[in-house]
Amino acid sequence: MESIQLAAQVTPWLASGRTLFLIIHFLGITCFGYIVAMRLVPLLRAERDFRFDRPLDRLGKVLKFGLAQWKHPRYRTAGILHIFIFAGFICLVMRAFYVLIVGVSENFVMPGLSGQAGHIYNIITDYAATVVFLCMIFAIVRRLAFKPARYAVPEKFGKAHTADAVFLLALIAILMLADSLFAAARAAGPIEQGQAVELLATWSLPWMLKGLLSSSSLSTLRDFYFGAYLLHEVTFYFLLCYRPFGIQFHVETSLFNLYFAKLERGTVKPVKYGVSEEQLAQAKSIGVKTFEDFTWKHMLDFYTCADCGRCSDNCPANAVGRPLSPRFITIKARDYAFQHYPMFGKPTNHQPLIGNLYSEDEIWSCTTCGACEEECPLLVEYIDKIVDLRRGMIDDGNVPQSLQKPLKALESRGNPYGKMEKKRADWTNAKDFRQSCPVKTLDGKNHADTLYFVDSVTSYDDRIQSIGRATAKILDHVGDNFGILGAAEKDSGHEVRRFGEETLFMALRDHNVDAIKASGVKRIVTADPHTYNALKHDYTDVPPVEHISQVIAREVKSGKITFKPVENRDSVYTYHDPCYLGRHNQVYDDPRNVLDAIPGLKRVEMSRSRDRSFCCGGGGLMLFYEPKEEQRMGVKRVQMAAEAGANVIVTACPFCMVNIEDAIKVAGLEGKMTAIDLAELAEKQIVRESPVVEAKGAAGIQQESVAGR
Ligand code: SF4
Ligand code: SF4
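Residues numbered from 1 in each chain as written. Chains lettered and ligands numbered in written order. Predicted model: local features only at pLDDT ≥ 70, side-chain atom pairs only at ≥ 80, totals over all residues. Heavy atoms only, no water.

### Here we look at the overall build of the protein
Okay, so step 1: Each helix and strand in the protein was counted, giving 28 helices and 11 strands.
Okay, so step 2: Viewed in the frame of its principal axes, the protein has a C-alpha envelope of about 105 × 65 × 45 Å.
Okay, so step 3: When burial is assessed residue by residue, the protein has 56% of its 709 residues classed as buried.
Okay, so step 4: Relative to all contacts within the protein whose residues are 6 or more apart in sequence, the contacts with residues 24 or more apart total 79%.
Okay, so step 5: As presented, the protein carries roughly 30,300 Å² of accessible surface, and 58% of it is formed by carbon and sulfur atoms.
Okay, so step 6: Both charge centroids of the protein, one from 83 positive and one from 79 negative side chains, sit 1 Å from each other. (Helix = DSSP H or I, 4+ residues; strand = E, 2+ residues; numbered from the N terminus. Buried < 20%, exposed > 50% of the residue type's maximum accessible area, 1.4 Å probe, protein only. Contact = heavy atoms within 4.5 Å. Areas by Shrake-Rupley, 256 points an atom, 1.4 Å probe, with all protein chains shown as cover. Lys, Arg positive; Asp, Glu negative; His and termini not counted. Charge placed at Lys NZ, Arg CZ, Asp CG, Glu CD.)

Below is the structure:
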């Protein structure tokens, strides 16, 4: 009986199918190899980056964020779609290789996939091809008809990417269709004696196509079979070679990007890997000024971005109309790499990035809040790049006007206000406070186990000093033997470092480390998440540090702290996660546990909370910077609190307090909304006298409160 010839056996034109497919393989693989080699050129010219440590942790990231698609469901529709496509691709990997090989070796069988196992695998891949095909159609319709706002490209950032995205989706759909069509044509035709009958999965795309082809003549089936196979081969290699020219390059690069992703949160990369701080003074240039100053990993980020827009969708700077959209930090750099490292001809490089690719305001607009990095499914990094670009600008003497004064003051006085060092502990002199809670200064004569590191905003800002006093009272209440450094303390330098002034940061850090060591303390407590982050991640060789919210939560648990009920039961509280306590250090539950331990306190969550918290606008020296924006970040945050039904915003950060209280006024919500720091609220509610039994009103939980001392 006549049957369908296998693709390798067909002689369509002058050469046999085998020869034709061998040529296609050779051309496809050579082109792909060449393209990838050219894409690696800028990475080879880039700055060093040490990402080869802790292989097991790195593998864990690949498994979690790559294979398990951890972050994708954060955007439900797109995430589920991506999970289906990814799972489909995983199932189809072996089939793709098998299909490519049978074009030149018709009797090839994948090892382990002969007999029953092969049938089962074919059924799985029939369904996988169907799912991927349907997902592509859905994604195309979604891109064209129901495009989410985050895919839009504002005019200032270039042209829309819709056509490219749709083209790539269509290519994958064609690939799935071709794969299914030749399987269907082969299954619809008569089978040569001795060959196994090809089973197709019911209701799969190949199965349906087989139904359509069942009445076709043998010659039509042969044409379909060979044509579909040829289409599959050409589409496969075209797609392979086209992907490195656009967003689909992430298919090749993402697993590498996940493997080499940053392992520690809250940190900032060294100015130059492999160059000691002492050697930095001799460095000709510091920071990123040209494209080649980025590290190879940062360039890999540029190639890996899938242009999904999630980073910018969560970026507070973008939300309030600042000239920064993290997605375009990446897309512009990627386009730059494509343009300046062409496939043919010499690279053209060393063009300054600031003024050409990025504007100054764009780079100063970032608060280093980390929302972009938290959201990115491919772990693309932004803060280190932005800090590196700022380091480059600072190195060129390019400092925004509004920041020149605070920086000079930090250099000369150790605080951004330019106030006298000896006034640093003046907040302890408030009359009522001094009587009830004397605070030791650890100046060599006084000693303590715990250092309360106050930092500049709390030391000098009249309003924020109250957070300092509340913190001290709490430490005193739980019986901590604590003290402060007073005039010996300088700004922690956290913002200075994120602003890009590394040399000044190092001077502040070294001074503080010496002072901390001289004090002989065993632990450090602070009420400022920026200070907490600096002491935890930027400083080395200092005692362990805790944020006051962690201390309160622990002492509530231990019973040393108990709270009296809130006075106004009509108040509705909401907790605003400070970026450097939440996202950068994962302290989400302790502040909430403290609030929930206060009897009668009604608490609601804002739509953007925990790791999706919306920055108040205070990070990265932003308290002193005047950005170009349509709306203040703090105002947007206060509106979110109002939308959640809250009229009291609780935060746990002096920077947040400055911004939120200001935003309440700007938003016209004075009298309707208030803000309070967690330490202030906790201190106000602490039971200090006799034991009382209280009913925890809102939650209806009975709680026994016992005086702490
Ligand atoms: S760190 Fe925050 S402000 Fe900066 S780009 Fe990312 S999301 Fe935007
Ligand atoms: S950086 Fe990440 S989140 Fe942003 S567009 Fe690219 S892939 Fe999406």
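### Topic: the site of ligand 1
Okay, so step 1: Near ligand 1, the surroundings consist of Cys315, Pro316, Leu324, Pro326, Cys366, Thr367, Thr368, Cys369, Gly370, Ala371 and Cys372.
Okay, so step 2: Across the shell around ligand 1, the residue classes tally to 8 nonpolar, 3 polar and no charged. (Near = heavy atom within 4 Å. Nonpolar A, V, L, I, M, F, W, Y, C, P; charged D, E, K, R; others polar.)

### Brief notes about the site of ligand 2
Okay, so step 1: Close to ligand 2 lie Cys305, Ala306, Asp307, Cys308, Gly309, Arg310, Cys311, Arg327, Cys376, Pro377, Val380 and Tyr382, which account for all nearby residues.
Okay, so step 2: Grouping the amino acids of the shell around ligand 2 by side-chain chemistry returns 8 nonpolar, 1 polar and 3 charged.

### Here's the deal with the domain arrangement of the protein
Okay, so step 1: Structurally, the protein comprises domain 1 (7-259), domain 2 (415-555) and domain 3 (557-708).
Okay, so step 2: Taking the mean C-alpha position of each, domain 1 and domain 3 sit 50 Å from one another. (Domains from an automatic or database assignment.)

### Notes on empty space enclosed by the protein
Okay, so step 1: For the coordinates displayed, the defined rule picks out 4 cavities of 30 Å³ or more.
Okay, so step 2: Size it by volume and the largest cavity reaches roughly 120 Å³.
Okay, so step 3: For the largest cavity, the lining is made up of 15 residues, of which Ser456, Val457, Asp491, Glu495 and Phe655 are closest to its centre.
Okay, so step 4: Those elements giving two or more residues to the lining of the largest cavity turn out to be helix H19 (456-460) and helix H21 (494-499).
Okay, so step 5: Partitioning the lining of the largest cavity into residue classes produces 7 nonpolar, 4 polar and 4 charged.
Okay, so step 6: Inspection of the lining of the largest cavity shows a minimum of three residues originating in each of domain 2 (415-555) and domain 3 (557-708). (1 Å grid on protein atoms, 1.4 Å probe; cavity = no way out; pocket = protein on both sides within 12 Å on 5 of 7 lines; lining within 4 Å. Points joined across faces, edges and corners; volume = space filled by probe spheres on them.)

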